[in-house]
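Chains, contacts and geometry: an overview
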Amino acid sequence: VIRENWNLKYSACFVLCPLQANQTAPAVVSVVAKVLYPPANLLIVNDNYNDTKPTNKFGVCIKPLHYDYNGAMQILEFIELNRIMGVSHFTFYNHTIGPQVNCILKDYIARGLVTLLPWQLNMLSQKEIRTEGLFAALNDCLYRSMYRFSHILLIDLDEYIIPRHNNTLPQLLDYLGMRMSTRTTGSYSFQNAFFYLQWGDDEWVYDSNDAIATNLVTLKKTRRKSKLHPHKQRSKYICRPEFVVEAGNHFVWEFVPGHGTYNVPADAAILHHYRICEFGGDDCVKSASTVDTTAFRYREALVKAVKDNFEHFKDKCGLKDLPLPSAKKHKFLTIFNRNTISFKGKKSR
């Protein structure tokens, strides 16, 4: 049984089928309740072991898309920024997606950049199983990716592993390899930094007339929580799939013997996590914070890539015109209201 099941009714499991010394990997297997039962299913075996071993080829695994997910701009920003940073392929799982995202992903599939797999579970998410069975999806993606990619990122759509000094993720791992030996490294863990969406946009947004640029979350949200989470708490990772036995959401649960985790220091790279307060409400904005513009390194390339794709998909996928920021008005009203309160105080004299 996979270790992360949150004590819910259902869990993902590994079904292990050991091969004898004289056996080769089968083309298909059947899963039956008892050994003597006749096979009622044929499950295709993905055997990538004898394929050419890739070098510095990075893929991304994303947990199942659900709730009719239709974040067109988010999916464009996620794919294009990760491509700029050296990712060559993305694996998505389709529980339920909306029409715009479905249209966009079909185009990326045709370009050979995306794999979209069906994902239907006859059980209640969050009550009977954790988040559409994400642990099954992550491990399915781990094994599908094995020997096809040298490294895979297991991250969410609101998360980006951003190097501090390097431009791409392959360059980052080469840089880490020069700082210490990574020969036995099975995964690289990155500390989580919350960029809460309740914090205001960066000042440049209010002076821009570029609707694409001002709607890119990695460029407009530059204030983050000062304190990073420790490794294994909210962290995410890049792993070498052939060295991993069982993948978790925030860290690897089990490695092939002799391999382990490299806790990447924050001065090399961190996980940028763009979301609302994790416990509800707005109290998170009271946390100590700092401005972090590391993602600005990708600004020109990202805006161009998303703009080109947005224009390509606009009519084809029915994308709506993007709004320009209106926060300047809100900012003025906040100041006005404060002055009004102050005025009332003086008036009482």
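Before reading on, note that the structure itself is shown above.
In short, a report on the structure. Here the structure is a predicted model, which means the values were calculated and not measured. (Residues numbered from 1 in each chain as written. Predicted model: local features only at pLDDT ≥ 70, side-chain atom pairs only at ≥ 80, totals over all residues. Heavy atoms only, no water.)

What to know about empty space enclosed by the protein
- The tally for this structure, following the rule as stated, stands at two cavities of 30 Å³ or more.
- For the largest cavity, the full set of lining residues is Ile2, Glu4, Asn5, Tyr10, Ser11, Ala12, Ile129, Arg130, Gly133, Leu134, Phe135 and Ala136.
- Considering only residue class, the lining of the largest cavity consists of seven nonpolar, three polar and two charged.
- Space inside the second largest cavity adds up to approximately 40 Å³.
- Forming the boundary of the second largest cavity are Cys61, Lys63, Leu134, Leu138, Leu154, Ile155, Asp156, Lys236 and Asn249.
- Tallied by class, the residues present in the lining of the second largest cavity amount to five nonpolar, one polar and three charged. (1 Å grid on protein atoms, 1.4 Å probe; cavity = no way out; pocket = protein on both sides within 12 Å on 5 of 7 lines; lining within 4 Å. Points joined across faces, edges and corners; volume = space filled by probe spheres on them. Nonpolar A, V, L, I, M, F, W, Y, C, P; charged D, E, K, R; others polar.)

Let's talk about the environment of lysine 225
- Along the polypeptide, lysine 225 turns up in strand E10 (residues 223-225).
- Measuring from C-alpha to C-alpha, the distance between lysine 225 and threonine 290 comes to 6.4 Å, with 65 residues separating the pair along the chain.
- The contact partners of lysine 225, leaving out residues within four places of it in the chain, are Phe194, Tyr196, Trp199, Ser287, Ala288 and Ser289. (Helix = DSSP H or I, 4+ residues; strand = E, 2+ residues; numbered from the N terminus. Contact = heavy atoms within 4.5 Å.)

A few points about the packing of helix H1 (residues 72-84) against helix H2 (residues 99-110)
- Direction vectors running N to C along H1 and H2 enclose 25°, while the axes themselves pass 9 Å from each other. If you check the angle between H1 and H2, you find them roughly parallel. The two elements H1 and H2 cross, and the hand of that crossing is right-handed. Where H1 abuts H2, its residues Ala72, Ile75, Leu76, Ile79 and Glu80 lie against Gln100, Val101, Ile104, Leu105 and Tyr108.
- Its residues placed into classes, the contact of H1 with H2 shows eight nonpolar, one polar and one charged. (Axes fitted to C-alpha atoms, helices over the stretch in contact; angles between N-to-C directions. Parallel < 35°, antiparallel > 145°, perpendicular 65-115°, else oblique. Left-handed = near helix turned anticlockwise from the far one by under 90°.)

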